[in-house]
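Survey of secondary and tertiary structure
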Amino acid sequence: MRILKHLASTRLSSTDTVFTQSFAETKQAFCQNSDFYAAIVDLNLPDAPNGEVVDFVMKQGIPCIVLTGDFDERRRKQLVDGGVVDYVVKESRHAYHYAMKLARRLRTNHEIKVLVVDDSAMSRKHIRNLLERQLYNVIEAEDGFDAIEQMSIHPDVRLVITDFEMPNMDGFKLVNEIRRKFDKRGLAIIGLSSQESGILSAQFIKHGANDFLNKPFYPEEFYCRISQNLEAIELIEEIEDSANRDYLTGLYNRRAFFEFSKQVLRDGWAHSVPVSFSLIDLDNFKHINDHYGHAVGDYVLKRFAEVMQRYCEKFLFARVGGEEFALIMLGLDNSKALALVDGLRQAFVGQAIECDGGTFHASFSGGVVTDLNSNIDALYNRADELLYRAKEAGRNMVLGQEPDSD
Ligand SMILES: Nc1nc2c(ncn2[C@@H]2O[C@H](COP(=O)(O)OP(=O)(O)OP(=O)(O)O)[C@@H](O)[C@H]2O)c(=O)[nH]1
């Protein structure tokens, strides 16, 4: 219980967790809370020594993870066949981590689309049942052509589980086809086969699959492979996201901004809507650092980022330099974009920044330009000229372009 409480506080910190130590306490907890989304249960409780709690939890319609001290194959099979999400043996600390991780996944699995491709309806149904037990969002396809069509309808599928032997198009060909459009960073593919040939697994992987499972498989093995492959994708996403972010403010960094803004410009051009661009530079920032200290300077940058997140959430923005920020606004003409950035300025100036010596107010200057057909470098240079003029004219102001150049 101590280990579970510790893990819950670190790994499920955003979830309310209720701990019970007997069957009676468990029933009471269900009377008091109607919104549990998962349960981790021990089979042996002082007042319910034979796993009675499992039936009780499952009757409430809650996914149930068994975490037990005994490995009994007959019991394991009975529970897994009966619908528990997983049967985890408390062999090591890792087992507790695994159960917690699984509980955390159950909260978000409904957002993950899994495409199951198999010409056998029975096999599809079996895999669907296993996946739905862990609350995944399942889509089915009965052959390769159907699978390709389903992928075009659901491009947000994160995992494809495909059989090898299928009419019209085998598993290898399908993996090849899918990989033309979807790379390994965003989509995992697991191949399946009941053929004895050991070479199949290597061939599946060479054709672009991430993993392979021989049929028939233990449900636990199936679940381990699924979560491992999905975790690998999520990890890549996290790494990519942190490479795109500025460490101090959490906003996009300069490289990401320049990359993503190309698409915004393309969208503006394709839909013939204006695109406005603003360059923003905090005023007298050297003085803030010199006078209040570098830590306060950092704090000001973070506070500004927060205001920007609130004010500009619909648009793409980033910290593009030390105290320099950029914002690209699809669909706003120059006067609307100017009003938005000036509103941002007023909101920021209105905030008192607290520090050891009391409070002070910081400001920024900005330039806003608009163009339908310009590239990002040209917009940047023109906004920079306006920003320079705003600094020259006394700071704490935002300048738009002359009306006839909109
Ligand atoms: N605290 C802190 N300071 C930074 C960071 N990045 C850049 N700076 C500082 O920001 C200051 C920018 O100074 P300047 O370019 O002279 O501009 P300024 O003082 O804002 O003056 P104007 O732009 O003309 O209003 C420099 O002193 C940099 O060291 C950062 O991440 N944290």
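About the thresholds
Residues numbered from 1 in each chain as written. Predicted model: local features only at pLDDT ≥ 70, side-chain atom pairs only at ≥ 80, totals over all residues. Domains from an automatic or database assignment. Axes fitted to C-alpha atoms, helices over the stretch in contact; angles between N-to-C directions. Helix = DSSP H or I, 4+ residues; strand = E, 2+ residues; numbered from the N terminus. Parallel < 35°, antiparallel > 145°, perpendicular 65-115°, else oblique. Left-handed = near helix turned anticlockwise from the far one by under 90°. Contact = placed C-beta atoms within 7 Å. Nonpolar A, V, L, I, M, F, W, Y, C, P; charged D, E, K, R; others polar. Pairing = 2+ DSSP bridges. Buried ≥ 20, exposed ≤ 12 C-beta atoms within 10 Å, placed from the backbone. Right-handed = clockwise from strand over helix to strand, strands pointing away. Core = buried A, V, L, I, M, F, W, Y, C linked by C-beta atoms within 7 Å.

Another point: the domain arrangement of the chain. Annotation of the chain at the domain level lists domain 1 (2-106), domain 2 (112-243) and domain 3 (254-405). A straight line from the C-alpha centre of domain 1 to that of domain 3 covers 51 Å.

A pair of packed helices is characterised by two quantities: the angle between their axes and the separation of those axes. It is at 10 Å that the axes of helix α7 (residues 144-153) and helix α8 (residues 171-181) come closest, and there the two elements cross at 20°. Judged by the inter-axis angle, α7 sits roughly parallel to α8. In this structure, α7 crosses over α8, and the sense of that crossing is right-handed. Across from G144, A147, I148 and M151 in α7, the residues of α8 making contact are K173, L174, E177 and I178. Residue composition of the contact of α7 with α8, by class: five nonpolar, one polar and two charged.

Strand order in the open sheet formed by five strands is β10-β11-β9-β14-β15, and the pairing between neighbours is mixed. This sheet does not close on itself; its edge strands, each paired only once, are β10 (316-319) and β15 (398-400). Strand-to-strand twist in this sheet, taken as the mean axis angle between neighbours without regard to direction, amounts to 15°. Lying on the sheet, helix α14 (residues 334-349) is in contact with β9 (275-282), β11 (324-330), β14 (364-371) and β15; it crosses β14 at an angle near 165°.

Burial analysis of β14 places seven of its eight residues in the buried class, which makes it a mostly covered element. The sheet contact formed by β14 and β15 spans three bridges and is parallel. Opposite G366, over in β15, you have V398 as the bridge partner. With helix α15 (residues 376-392) bridging β14 and its parallel neighbour β15, the resulting β-α-β unit is left-handed.

The subject of this paragraph is the sheet that holds strand β2 (residues 64-68). Pairing is parallel across the open sheet formed by three strands, whose spatial order is β1-β2-β3. Only two strands of the sheet have a single neighbouring strand rather than two, namely β1 (39-41) and β3 (86-89). On average, adjacent strands in this sheet sit at an angle of 25° to one another, irrespective of strand direction. Taken together, the four bridges between β2 and β3 define a ladder with parallel strand orientation. Its bridge partner lying in β3, V66 is registered against Y87.

Take the nonpolar core next. By size, the foremost hydrophobic cluster in this structure holds 40 residues, and its most contacted members are A318, F325, A326, L327, V341, V368 and A383. Counting residues per element, this core draws most heavily on α14, at six residues. Every residue in contact with V341, bar those within four places of it in the chain, is listed here: S278, L327, G366, V368 and V398. With 31 residues, the next largest nonpolar core counts F164, I189, Y223 and I226 among its residues.

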